[in-house]
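What the coordinates show
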Amino acid sequence: MSRRDRDAEGRARNARPRDGLGRPLPYGADGVERQPEGIERTPSQTLAEAQRLLDDGKPFHAHEVFEDAWKSTDGSDRELWRGLAQLAVGLTHAARGNVVGAVSLLERGSANIEPFRGDPPHGIDVAGLQEWARSLAEEAKRRVRVTPAPPRLTG
């Protein structure tokens with residue numbers, strides 16, 4: 001049986017390096033620096049960091065930033081951050097060529113941010129993100145191999 005990587009609290013963590021799309025690389029390989037987990041950011045800090053990562057071609061890492069916001073929020077924005085994390089994972093799957101995963105996560109993320117469409121918080125372009133997600137999902141359904149462009153989070 002192999003020994004699992006553990007953090008200071010004893011929780012299982014995968015210490016393998018990862019590429020920009022979050023795929024595990026062999027131990028000892030040069031990977032992309034991982035996002036630290038459990039960082040509490042303001043909404044504007046979350047959006048700025050996630051946008052930077054998306055623009056750098058690292059949607060998996062942007063998902064981790066959104067996931068921190070989702071897990072640290074108890075209020076009404078919780079589902080917003082969860083939906084944005086799902087969109088980032090959908091983009092990750094699209095970039096990896098995983099059509100089924102891309103369509104599933106893009107559609108789910110789009111649906112989860114729908115309640116915020118009428119009064120978008122934090123300057124997030126909810127309608128624009130939904131249009132982007134639906135378009136990318138449709139391209140994936142047609143099995144069109146694309147190099148997906150990152151979305152703009154704010155208007």
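Everything that follows concerns the structure shown earlier in this document.
Presented here is a report on the structure given in the accompanying data block.

The rules behind each value
Residues numbered from 1 in each chain as written. Predicted model: local features only at pLDDT ≥ 70, side-chain atom pairs only at ≥ 80, totals over all residues. Heavy atoms only, no water. 1 Å grid on protein atoms, 1.4 Å probe; cavity = no way out; pocket = protein on both sides within 12 Å on 5 of 7 lines; lining within 4 Å. Points joined across faces, edges and corners; volume = space filled by probe spheres on them. Helix = DSSP H or I, 4+ residues; strand = E, 2+ residues; numbered from the N terminus. Nonpolar A, V, L, I, M, F, W, Y, C, P; charged D, E, K, R; others polar. Polar contact = N/O pair within 3.5 Å; in protein donor to acceptor, adjacent residues only side chain to side chain. Contact = heavy atoms within 4.5 Å. Salt bridge = Lys/Arg side-chain N within 4 Å of Asp/Glu carboxyl O. Buried < 20%, exposed > 50% of the residue type's maximum accessible area, 1.4 Å probe, protein only.

Looking now at empty space enclosed by the protein. Within the structure shown, the criterion is met by one cavity of 30 Å³ or more. Mapped onto the lining of the largest cavity, the elements with two or more residues apiece are helix 3 (78–96) and helix 5 (126–141). Looking at which element gives the most residues to the lining of the largest cavity, the answer is helix 3, with four residues. Tallied by class, the residues present in the lining of the largest cavity amount to 10 nonpolar, no polar and no charged.

A word on the side chain of Gln51. On the secondary structure map, Gln51 appears in helix 1 (residues 43–55). At 3.0 Å, the side chain of Gln51 forms a polar contact with the backbone oxygen of Pro151. Among all residues touching Gln51, those that are not within four sequence positions of it are Pro151, Arg152 and Leu153.

Our next topic: the pattern of salt bridges. Considering all chains together, one arrives at 10 salt bridges under this definition. Among the ionic pairs, Arg41 bridges to Asp68, the shortest N-O distance being 3.4 Å. Residue Arg41 is found in the segment before helix 1, and its partner Asp68 is found in helix 2 (residues 59–72); the two are separated by 27 residues along the sequence. The buried category is assigned to Asp68, whose relative accessible area is 11%. The salt bridge partner of Glu67 is Lys71, with a shortest N-O separation of 3.7 Å.

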